[in-house]
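So you can see what is in the structure, the chains are spelled out below.
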Amino acid sequence: MASLTASRALAPIGTAGKLFAFALDVGRALFRRPFQLREFLQQAWFIASVTIVPTALVAIPFGAVIALQVGGLIKQFGAQSFTGSASVLAVIQQAAPIGTALLIAGAGGSAIAADLGARKIREELDAMMVLGIDPIQRLVVPRVLACMLVAFFLNGMVSVVGVAGGYVFNVILQDGTPGAYIASFTALAQLPDLYIGLLKAIIFGLIAAIVASYKGMNANGGPKGVGDAVNESVVITFLLLFVVNFVLSMIYLQVVPPKTG
């Protein structure tokens, strides 16, 4: 009984180790040839088609909520001239990459897990290995690169839509001055803030694709196992995203000191 309890307690550690080993296998397969260009383009188009509209719709309330919250807080300190800069910082550094990653994991990642899980229970992956075809190099690598590429561009779209939404809501609902909002962009924001947002989006896309691929390729138990793999991939990705976001933000603030107004 005690050994059974111990094995259950150590199960998450074993899963984390297998996931890390899978990520290393994906990293090695990135440099193998031939590169599956057609699969990559198909996956990139599919992921973009299922995420671009929801991401744009999510970006508007993201920017609006941040503008309203930041604008109200800054107004209490009498620093309305910094409203635009603070809102832009919050959107570009945090809201845009996180919002992008959540949609990539929820829409694109779940589709990847379901596709690979279905191939697993139909024994297609085993058949590929028998034929000498590496499923990771043939199926996983194009999906990982596609997620990273789509996350990069979606992050830019979310940043633009979020900043525009924040501008509209600040001017209309908080009686902000359009010129002051735009002029304050450079007061606190700096170019590395954009770089860290793009880097976060790429890393988040990588994490979402690897977790989804791992859970899909290890699905068991028929259709129910595929459904469980999809749910687990989304939950695990969300947890990892917030942990990695905290670490990246902490490192960034240590390397690039905040700009003072």
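Only a predicted model underlies this, so the values are computations on that prediction, with no experimental measurement involved.

Peer 1: I'm lost on the packing of helix α5 (residues 135-173) against helix α8 (residues 191-217) in this one. Help?
Peer 2: Closest axis-to-axis distance for the α5/α8 pair is 8 Å, and the angle between their directions is 150 degrees. Read as a crossing pair, α5 and α8 show a hand that is right-handed. Contacts from P135, I136, V140, R143, V144, C147, M148, A151, F152 and N155 in α5 reach G197, L198, A201, I202, G205, L206, A209, I210, S213 and M217 in α8. The residue makeup of the contact of α5 with α8, split by class, is 15 nonpolar, four polar and one charged.

Peer 1: Which parts of the structure should I look at to understand the confidence of the model for the protein chain?
Peer 2: A low pLDDT score tells you not to read the predicted coordinates there in detail. Averaged over the protein chain, the pLDDT score is 81; the fraction of residues at 70 or greater is 85%. Looking over the protein chain, one finds the lowest element-wise mean pLDDT in helix α1 (residues 2-29), namely 69, and the highest in α8, namely 89.

Peer 1: Help me out: how do you make sense of the side chain of Q93 in this one?
Peer 2: Tracing the backbone shows Q93 in helix α3 (residues 83-121). For Q93, a relative accessible area of 13% translates into the label buried. If near-sequence neighbours (up to four positions away) are discounted, Q93 is found in contact with D193, I196, K200 and Y252.

Peer 1: Whenever I open this one, unusual backbone geometry confuses me. Can you help?
Peer 2: Leaving glycine out, the prevailing phi sign among residues is negative, and the prevailing peptide bond configuration is trans. Cis peptide bonds are those with omega within 30 degrees of zero, and the linkage from R33 to P34 qualifies with 5 degrees. Among the secondary structure elements, P34 is positioned in the loop between α1 and α2 (37-76). Phi at E123 is positive, roughly 65 degrees, even though this residue is not glycine. Tracing the backbone through its elements, the reader meets E123 in the loop between α3 and α4 (124-130). A relative accessible area of 53% places E123 in the exposed class.

Peer 1: Would you explain the pattern of salt bridges in this entry?
Peer 2: Two side chains that carry opposite charge are able to pair once their charged atoms sit near each other. Considering all chains together, one arrives at ten salt bridges under this definition. Among the salt bridges present, the one from R32 reaches D134, with a minimum N-O distance of 2.4 Å. Note that R32 is positioned in the loop between α1 and α2 and D134 in the loop between α4 and α5, a separation of 102 residues in sequence. Accessibility expressed as a relative area gives 27% for D134, which makes it partly exposed. With a shortest N-O distance of 3.3 Å, D115 and R119 are connected by a salt bridge. Of the two residues, D115 and R119 both sit in helix α3, four residues apart, roughly one turn of that helix. Residue classification places D115 among the partly exposed positions, given a relative accessible area of 25%. Three or more residues joined by partner-sharing salt bridges are found here, namely E39, D115, R119, R122, E124, R138 and R143.

Peer 1: Quick question: what am I supposed to make of the UniProt feature "transmembrane region" (unreviewed entry) in the protein chain here?
Peer 2: Per the UniProt record, "transmembrane region" (unreviewed entry) is annotated on residues 45-68, 144-169, 194-214 and 234-255. End-to-end, the C-alpha atoms of residues 194-214 are 30 Å apart, and along that stretch the chain is 100% helix and 0% strand. The distance separating the terminal C-alpha atoms of residues 234-255 is 31 Å; by composition the span is 100% helix and 0% strand.

Peer 1: So what exactly am I meant to see when it comes to the environment of N155 here?
Peer 2: In this fold, N155 is placed in helix α5. The spacing of N155 and P97 is 58 residues in sequence and 5.7 Å in space, taken between C-alpha atoms. Sequence-distant contacts of N155, defined by excluding residues within four places in its chain, comprise A96, P97, T100, G197, L198 and A201.

Peer 1: What is the right way to read the packing of α8 against helix α9 (residues 222-255) from this model?
Peer 2: Helix-helix packing is described using two parameters, namely the angle between the two axes and the distance between the axes. Here α8 crosses α9 at 155 degrees, and the two axes come no closer than 9 Å. The angle between the axes of α8 and α9 places the two elements in the roughly antiparallel class. The chirality of how α8 crosses α9 is right-handed. Side by side, α8 and α9 meet where P192, D193, I196, K200, I203, F204, I207, A208, V211, A212 and K215 of the first sit next to A229, E232, S233, I236, T237, L240, L241, V244, N245, L248, S249 and Y252 of the second.

Peer 1: In this structure, what is going on with the nonpolar core? I would like to understand it.
Peer 2: Inside soluble globular proteins, nonpolar side chains tend to come together where they are buried. Ranked by size, the top nonpolar core spans 33 residues in total, and within it F22, I47, I104, I136, V140 and M217 carry the most contacts. When residues of this core are traced back to their parent elements, those giving at least two are α1, α2, α3, α4, α5 and α8. Contacts of M217, omitting those with residues within four sequence positions, involve F22, L116, K120, L125, P135, I136 and V140. Listed in part, the eight residues of the second largest apolar core include I66, V88, V91 and V163.

Rules behind the numbers
For every chain, the first residue of its written sequence is number 1, and the numbers climb from 1 along that sequence. Reporting of local features is limited, given that this is a predicted model, to residues whose pLDDT is at least 70; pairs of side-chain atoms are given and counted only at 80 or more, and all residues count toward the totals for whole chains, interfaces and linings. The basis for every side-chain value is the complete set of non-hydrogen atoms in the structure, without hydrogens or water. To define axes, lines are fitted to C-alpha atoms, for helices over the stretch in contact only, and angles between the resulting N-to-C directions are given on a 0 to 180 degree scale. A run of H or I in DSSP counts as a helix once it spans at least four residues, and a run of E counts as a strand once it spans at least two, with each numbered from the N terminus. Each crossing gets its hand from how the near helix is turned against the far one by less than a right angle, where anticlockwise is left-handed and clockwise is right-handed. In what follows, residue pairs with any heavy atoms lying within 4.5 Å of each other are defined as contacts. Under the scheme applied, nonpolar residues are Ala, Val, Leu, Ile, Met, Phe, Trp, Tyr, Cys and Pro; charged residues are Asp, Glu, Lys and Arg; polar residues are all the others, including Gly. Residue-level confidence of the predictor, termed pLDDT, takes values from 0 up to 100. The classification of residues rests on relative accessible area computed with a 1.4 Å probe and restricted to protein chains. Under 20% of the type maximum is buried, over 50% is exposed, and intermediate values are partly exposed. Salt bridges are defined by distance alone: a side-chain nitrogen of Lys or Arg within 4 Å of a carboxyl oxygen of Asp or Glu. UniProt positions are given in the numbering used here, feature names are shortened, and annotations may be inferred rather than shown by experiment. We call two directions roughly parallel when the angle between them is under 35 degrees, roughly antiparallel when it is over 145, roughly perpendicular when it lies between 65 and 115, and oblique otherwise. The nonpolar core is taken to be a set of buried Ala, Val, Leu, Ile, Met, Phe, Trp, Tyr and Cys residues, with the residues joined through side-chain atoms within 4.5 Å.

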